[in-house]
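Chain residues, written in single-letter form:
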Amino acid sequence: MFDSLKKKLQNIRTKFASNIEEAAGAEPEPQVAELPEGAETGEPISTPAAQPEPSVAEEAVQEAREKPTFFDKVKVLVRDREVLLQEKDIEESLFELEMVLLENDVALPVTDEIIARMRQDLVGRHRKIGASVDDLVVSTLRSALCGVLGEGLDLSRYIREHERPVKILFTGVNGTGKTTTVAKVGQYLQKNGFSVVIGAGDTFRAGAIEQIRTHADRLGIKTIQHQAGADPSAVLFDAVQYAKAHDIDVVLADTAGRFHNRANLMNQLEKIRRVMKPDLVVYVDEAVAGNDAVIRADEFNKAVGTDAVVLTKADMDPKGGAAISVAHTVGKPILFLGTGQGYDDIMPFEPRVVVDELLGGEA
Ligand SMILES: Nc1nc2c(ncn2[C@@H]2O[C@H](COP(=O)(O)OP(=O)(O)O)[C@@H](O)[C@H]2O)c(=O)[nH]1
Ligand SMILES: [Mg+2]
């Protein structure tokens, strides 16, 4: 998942780190005039084996902040050095990062936002360099990425906090993975202790009712279905009635694929909304569609409203641009990533975990 972006971010980190090292090296070396008891003289930060002793070092810096007059004179910096970065120190790295993000389908306004956050975090501020410059780069990048990814949406918590049944309507264009996602989410919710019923609301496409029914049967989930060609609002209304009568926690509504600019199917969706009164309208699209997915999600939200987004086929997406861009662009959280064709191949979208994945393991 997102391997191309991961690899590029790894390279950028190295570049940033060496630029910051250079900038730090250009600053006058701190004079170690006096050390608090127990503190040791620091080794150069570039020494890989250097293991800082954060408690002692941090105490020293903390004390330095509390007694600026004394420590201004005797500048005690043990293994934690501080660096004051200027725009020129990192402008090249920022430009490269911008290119990497754009090449990997991160939307332009989102790229701008990430770069602005990085710049604000790094330029003109005293930044402490701990054991490694890379830590500084990673923490800055992490907070910039988390900033554009927002908070996410914890579905289990949402369900616990809302009146049952919670009604979730899945919608979006054809072939993106709506039906598969309904099945995966059904299993995910069952595993989290919720009871589920599925409404077979795609009465339009041949074989769609059988498709969702087969999934649901395998997972031991009840399906409410009508004949092919029936009014989907009626099917989903029945699914809600069933859930109420049987104390089911969640109704998952599958629907036919539709574009936001096709009037008849959008009218049908409006009717579904009026009749079913969904608590969450979830827009489903493919991560692999990159910027197209982001644009569609945004247009869909503007046309009919969306509460959350699911991005499928993240397993086939080396770039990750849609996953990074969609929440910030649409202003709605990503609920899940689809990561394969199996029922378990679904990942609740936790921004921190996704960012760790991007900045973590080897690409
Ligand atoms: N690799 C991969 N394939 C997926 C994922 N989600 C769905 N698919 C596949 O995408 C195809 C279309 O899925 P379907 O649920 O029928 O899409 P729908 O038309 O939107 O209902 C199927 O072959 C699915 O197995 C995913 O997360 N990863
Ligand atoms: Mg379908």
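A quick note: this is a predicted structure, and the numbers were derived from the prediction, not measured.

Conventions and cut-offs
Residues numbered from 1 in each chain as written. Chains lettered and ligands numbered in written order. Predicted model: local features only at pLDDT ≥ 70, side-chain atom pairs only at ≥ 80, totals over all residues. Heavy atoms only, no water. Helix = DSSP H or I, 4+ residues; strand = E, 2+ residues; numbered from the N terminus. Contact = heavy atoms within 4.5 Å. Buried < 20%, exposed > 50% of the residue type's maximum accessible area, 1.4 Å probe, protein only. Expected span 1.5 Å × (residues − 1). Pairing = 2+ DSSP bridges. Axes fitted to C-alpha atoms, helices over the stretch in contact; angles between N-to-C directions. Salt bridge = Lys/Arg side-chain N within 4 Å of Asp/Glu carboxyl O. Near = heavy atom within 4 Å. Polar contact = N/O pair within 3.5 Å; in protein donor to acceptor, adjacent residues only side chain to side chain. Nonpolar A, V, L, I, M, F, W, Y, C, P; charged D, E, K, R; others polar. Parallel < 35°, antiparallel > 145°, perpendicular 65-115°, else oblique. Left-handed = near helix turned anticlockwise from the far one by under 90°. pLDDT = per-residue confidence, 0-100. 1 Å grid on protein atoms, 1.4 Å probe; cavity = no way out; pocket = protein on both sides within 12 Å on 5 of 7 lines; lining within 4 Å. Points joined across faces, edges and corners; volume = space filled by probe spheres on them. Phe/Tyr/Trp six-rings, centres within 6.5 Å; stacked < 30°, edge-to-face > 60°.

Points about the side chain of Glu 286
Logical step 1: Relative to the assigned elements, Glu 286 resides in strand E7 (residues 280-286).
Logical step 2: Setting aside chain neighbours within four positions, we find Glu 286 in contact with Gly 175, Thr 176, Ala 293, Leu 311, Thr 312 and Lys 313.

What about unusual backbone geometry?
Logical step 1: The omega angle of the peptide bond from Arg 164 to Pro 165 is -5 degrees, so this bond is cis rather than trans.
Logical step 2: With respect to the helices and strands, Pro 165 occurs in the loop between helix H7 (155-161) and strand E3 (166-171).
Logical step 3: For Phe 2, which is not a glycine, the phi torsion comes out positive at approximately 55 degrees.
Logical step 4: In this structure Phe 2 comes out as buried when scored by relative accessible area, which is 1%.

Some points on helix H8 (residues 178-191)
Logical step 1: Taking 1.5 Å of rise per residue, 14 residues should cover 20 Å, and H8 covers 20 Å from first to last C-alpha, within 8% of that figure.
Logical step 2: Among the 14 residues in H8, 11 count as buried, and that is most of the element.
Logical step 3: Taken together, the buried positions of H8 are Lys 178, Thr 179, Thr 181, Val 182, Ala 183, Lys 184, Val 185, Gly 186, Gln 187, Tyr 188 and Leu 189.

Thoughts on the sheet that holds E7
Logical step 1: Taking strand neighbours across the sheet as the criterion, the 8 strands line up as E5-E4-E6-E3-E7-E8-E9-E10 in an open arrangement whose pairing is mixed. Of all the strands in the sheet, just strand E5 (222-224) and strand E10 (346-348) have a single pairing partner and so form its edges. When the angles between neighbouring strand axes are averaged without regard to direction, this sheet yields 25 degrees.
Logical step 2: As judged from the 4 bridges shared by E3 and E7, these two strands associate in the parallel manner.

Digging into the pattern of salt bridges
Logical step 1: For the coordinates displayed, the defined rule picks out 19 salt bridges.
Logical step 2: A salt bridge links Glu 87 to Arg 119, with the nearest nitrogen and oxygen atoms 2.9 Å apart. Of the two residues, Glu 87 is situated in helix H4 (residues 87-103) and Arg 119 in helix H5 (residues 108-122); the sequence distance between them amounts to 32 residues.
Logical step 3: Given a relative accessible area of 31%, Glu 87 falls into the partly exposed group.
Logical step 4: Among the salt bridges present, the one from Arg 142 reaches Asp 356, with a minimum N-O distance of 2.9 Å. Here Arg 142, found in helix H6 (residues 133-149), pairs with Asp 356, found in helix H14 (residues 351-359); they are 214 residues apart in sequence, far enough to count as distant.
Logical step 5: Within this structure, Asp 3, Lys 6 and Glu 357 form a network of salt bridges that share partners.

Brief notes about the site of ligand 1
Logical step 1: Near ligand 1, the surroundings consist of 18 residues, among which Gly 175, Lys 178, Thr 179, Thr 180 and Gln 341 are the closest.
Logical step 2: Between ligand 1 and Lys 178, the relevant distance is 2.8 Å, taken from an oxygen atom to a side-chain nitrogen or oxygen of the residue.
Logical step 3: At a separation of 3.2 Å, an oxygen atom of ligand 1 approaches a polar side-chain atom of Lys 184.
Logical step 4: Examining the composition of the shell around ligand 1, we find that 4 residues originate from one element, H8, more than from any other.
Logical step 5: In terms of residue class, the shell around ligand 1 is made up of 2 nonpolar, 12 polar and 4 charged.

A look at the packing of H8 against helix H9 (residues 208-219)
Logical step 1: For the pair H8 and H9, interaxial distance at closest approach is 9 Å and the crossing angle is 20 degrees. Classed by the angle they form, the pair H8 and H9 counts as roughly parallel. Considering how the two elements wind past one another, H8 and H9 form a crossing that is right-handed. Together, Thr 179, Val 182, Ala 183, Gln 187 and Gln 190 of H8 and Gln 211, Ile 212, His 215 and Leu 219 of H9 make up the contact between the two elements.
Logical step 2: A breakdown of the residues in the contact of H8 with H9 according to their chemical character gives 4 nonpolar, 5 polar and no charged.

Focus on the confidence of the model for the chain
Logical step 1: Mean pLDDT for the chain: 86, with 83% of residues reaching 70 or above.
Logical step 2: This model gives residues 68-79 a pLDDT under 50, and the stretch forms 32 contacts once residues within four places in sequence are excluded.

Brief notes about the layout of surface pockets
Logical step 1: In this structure, the second largest pocket encloses a volume near 250 Å³.
Logical step 2: As for the second largest pocket, its lining consists of 16 residues, and the residues nearest its centre are Glu 151, Gly 152, Leu 153, Asp 154 and Leu 155.
Logical step 3: Put simply, the parts of the chain that give the lining of the second largest pocket at least two residues each are H7 and strand E9 (334-338).
Logical step 4: Element by element, the count of residues in the lining of the second largest pocket is highest for H7, at 5 residues.
Logical step 5: Class assignment for the residues of the lining of the second largest pocket results in 9 nonpolar, 2 polar and 5 charged.

Describing the packing of aromatic side chains
Logical step 1: Scanning the model with the defined rule gives 2 aromatic pairs in all.
Logical step 2: Measuring from ring centre to ring centre gives 5.0 Å for Tyr 188 and Phe 336, while their planes differ by 80 degrees; the resulting arrangement is edge-to-face. Residue Tyr 188 is found in helix H8, and its partner Phe 336 is found in strand E9; the two are separated by 148 residues along the sequence.
Logical step 3: Look at Tyr 188 and you get buried, because its relative accessible area is 18%.
Logical step 4: Here the aromatic rings of Tyr 283 and Phe 300 are separated by 4.9 Å at their centres, their planes lie at 45 degrees, and the arrangement is tilted. With Tyr 283 in strand E7 and Phe 300 in helix H12 (residues 291-304), this pair connects stretches of sequence that are 17 residues apart. Phe 300 matches Tyr 283 in its accessibility class, with the two residues each being buried.

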